[in-house]
Every structure is written in C-alpha cells, then in structure tokens.
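Chain by chain, the residues:
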Amino acid sequence: MSARNRVRNEAPSSAPRPVRIGVSSCLLGQKVRYDGGHKRDRFATDVLEPFVEWVPLCPEVEIGLGIPRPTIRLERDENGEARLVMPSTGEDLTGRMAQWAEEKVDRLLELDLCGYILKKDSPSCGMERVKVYDRNGVPARSGTGTFAEVLLRKAPYLAVEEEGRLNDARLRENFISRVFAARRWLDMQAEGFTRARLMDYHARHKFLCMARNQAGTRRLGRLLGSATGRDSDPLLARAYLEEFTAVMRRPPSPKGHANVLQHLAGYVSSSLDAADRGELADSIHAYRRGLLPLVVPLTLIRHHARRQERTYLLEQAYLSPHPHELMLLNHV
Ligand code: SF4
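Residues numbered from 1 in each chain as written. Predicted model: local features only at pLDDT ≥ 70, side-chain atom pairs only at ≥ 80, totals over all residues. Heavy atoms only, no water.

By volume, the largest pocket is sized at about 570 Å³. Around the largest pocket, the lining comprises 27 residues; the ones closest to its centre are Arg33, Ile72, Asp121, Ser122 and Pro123. Looking at the lining of the largest pocket, the elements that each hand over two or more residues are helix H2 (59–62), strand S3 (73–76) and strand S7 (130–133). Per-element accounting of the lining of the largest pocket gives the leading share, three residues, to S7. (1 Å grid on protein atoms, 1.4 Å probe; cavity = no way out; pocket = protein on both sides within 12 Å on 5 of 7 lines; lining within 4 Å. Points joined across faces, edges and corners; volume = space filled by probe spheres on them. Helix = DSSP H or I, 4+ residues; strand = E, 2+ residues; numbered from the N terminus.)

Written as structure tokens, this is what we have:
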C-alpha cells in the first residue's frame, strides 16, 4: 500500500509541507544520459522549481550503468514481452532494473510524493509510446520504460506525466492541479482520516471535480453521503481517492469550466449591480468562446467573493488550484 493510503499519526504542523515531485534527473540538467549529456526542461527548472522540492532519480545510473554508457533499448522477445536490452553486449537488464525499481518506488512513496515527471521516449523512464524493437530490428511505439512501468503500477494515484506532454497547456495545468490537490490530501492524511475531514476535502474540491466530470463528482458525493459508521475511515478514504483520481485525470474542457463558472457566478450575482453582473456574465461567455483566458472570470469571481465575504467560495480549490505565479490559467 502506498504512503498515500496509510494513516499517520504525525503531529499537525502549521508550516507548509513541501510539494515533492519525483523527476528524471536529466530533465533538471544533470549530466546523466548515456552520452554524458542532459535534457534540461525549462518549465521544470525555470518555472516550477521555486514551488516544489525535486526528488531527482536516474534509474540507469542507479543500477550501475555508469556515465557515459552504451545505449539500451526495449526489445520484444519471443513471448511478446518487452525486455530492456543493451544491444552492444546483448545483456538483458530487465530483471536488474525491475528488481531495483520495486524497492526504490516503495522508498520513494515514503517521501509523500505529490507527482512525478518522466523523460519521454526513454526505455527506462518513458511513460508511453516508447520504441520497442522486434526481432528484425523494426521499432513500434508501443512500450513503457521499465522503471516507469513499476512506478505507474505501484503508485496508481500519483500524478505522473512526461515532460513532452507538459508542453500542452491543458495537460500541464491539469498535472499541476493534481500535484497541489495531492499535497492537500497528504496534509489531511497527516492529521488522520476522519469522515469529517474527507467531507471537508470534498467540499473544497467539488468544483475542481465538477469542471472535469459531473457524474464522477456526484459519485464522490454519494460515496461520502452513504458511508455508515461501520465503514472504516481509511477504507473510505481509499475508495474516495480512487474515484477522485479517475475524475482528476481528465483535463477539463472549456465547456466544463464554463458550467462551473456559471454555477459560481450564481453565488455572487444576486448581490451585484447590473453593470458588475453583466461584466461577469460577459467574461464567462468570452472565455467559453476562446476570447479570454480562464484567469479573467476566475479573478472576477474571487474579487466579488472576497468583497461579499463568501467564505465557502474563497475556500474552493477551484479558485486557486495552484500558485498564481505559475500563470497556468492565463492561456486562451
Ligand atoms: S531518461 Fe531516465 S534513465 Fe535516461 S538519463 Fe534521464 S533519468 Fe536517466
């Protein structure tokens, strides 16, 4: 069971806990690649770095392959299994990598990771569409890196992305939303799961979920509403996390956001004069048509919620899913 599913009895601390993200070391500019180079990712090092604590890891170096080293790749064997192979020597590294990864991922999850960024295309780190060579040396983009495969299997609730996919603004924003939602989940876990805390978490994340999947959000509400005293809180938490992860995996569409924005506008509109009400409605409409970034109607709703002292709205993760300085909601 991952660290995210265990109940802790740590003393609550007022100091914010670090947002820890595992990362393929080469993406941070560390010269660990087979050729002694790196694959520095600017979003990670220049934008994200001030807000997170990295846990860098190079699986190939960790299993002792050295820098520089001969290239390795995935090859399909006669049973259809993808093997991690060093073509220059014919050495099969699958067992060595997989065994090391099983133990390493367990230790990583003890660190309360909130997410993981993997290097795309790597036979060790790649999350999807990694080249797998058949017996004739013909590649098909059908594989997952050997380390990544273990990570994804052992940490099914962890937000995991490749740096290549993070170039897509919607995927990037969704990944970071999941990372910060995980930090808040871990904070709750540190205080101990209770039904009341789960209800509070759900209340704060309801609109974040609604923008992605309304039916899934209703299922989450029913799950908590139908829980009885006989249900153990950690089991309930696990069931909630499973459904929450499924909902949060899918990035919200502009239509999903517009529905939530209309809903939130309903809380503040009745206290607004006609001009302010019209401005808010117009900004939502313009966002829906792709003429304004999401941050505009969100900022207006936050502004009115603050002026009207609408605590319920101000506590919504949807209005501040991640640090504003990341400017992830500023694209059209
Ligand atoms: S992709 Fe993974 S294994 Fe390859 S150099 Fe980067 S961290 Fe190391």
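Judged by pairing direction, the sheet is parallel, and its four strands sit side by side in the order S2-S1-S6-S9 without closing on themselves. Edge strands, defined here as strands with exactly one partner in the open sheet, are strand S2 (53–57) and strand S9 (159–162). Looking at each pair of strands side by side, their axes are set apart by 20° on average, direction ignored. Alignment of strand S1 (residues 20–24) against S2, held across five bridges, turns out to be parallel. Looking at the pairing, Gly22 lines up with Val55 of S2. Of the strands in this sheet, S2, strand S6 (115–118) and S9 are in contact with helix H4 (residues 146–154), which crosses S6 at around 160°. Helix H5 (residues 169–191) rests against S1, S6 and S9 of the sheet, and its axis sits at about 150° to S9. (Pairing = 2+ DSSP bridges. Axes fitted to C-alpha atoms, helices over the stretch in contact; angles between N-to-C directions. Contact = heavy atoms within 4.5 Å.)

Turning our attention to the pairing of S6. Here S6 shows two buried faces, one formed by Gly115 and Ile117 and the other by Tyr116 and Leu118. Pairing analysis gives three bridges linking S1 to S6, with the strands arranged parallel. Across the sheet, residue Val23 finds its bridge partner in S6, namely Ile117. As defined by bridge partners, S6 adjoins S9 across four bridges and the pair is classed as parallel. Pairing of Gly115 across the sheet is with Ala159, part of S9. (Buried < 20%, exposed > 50% of the residue type's maximum accessible area, 1.4 Å probe, protein only.)

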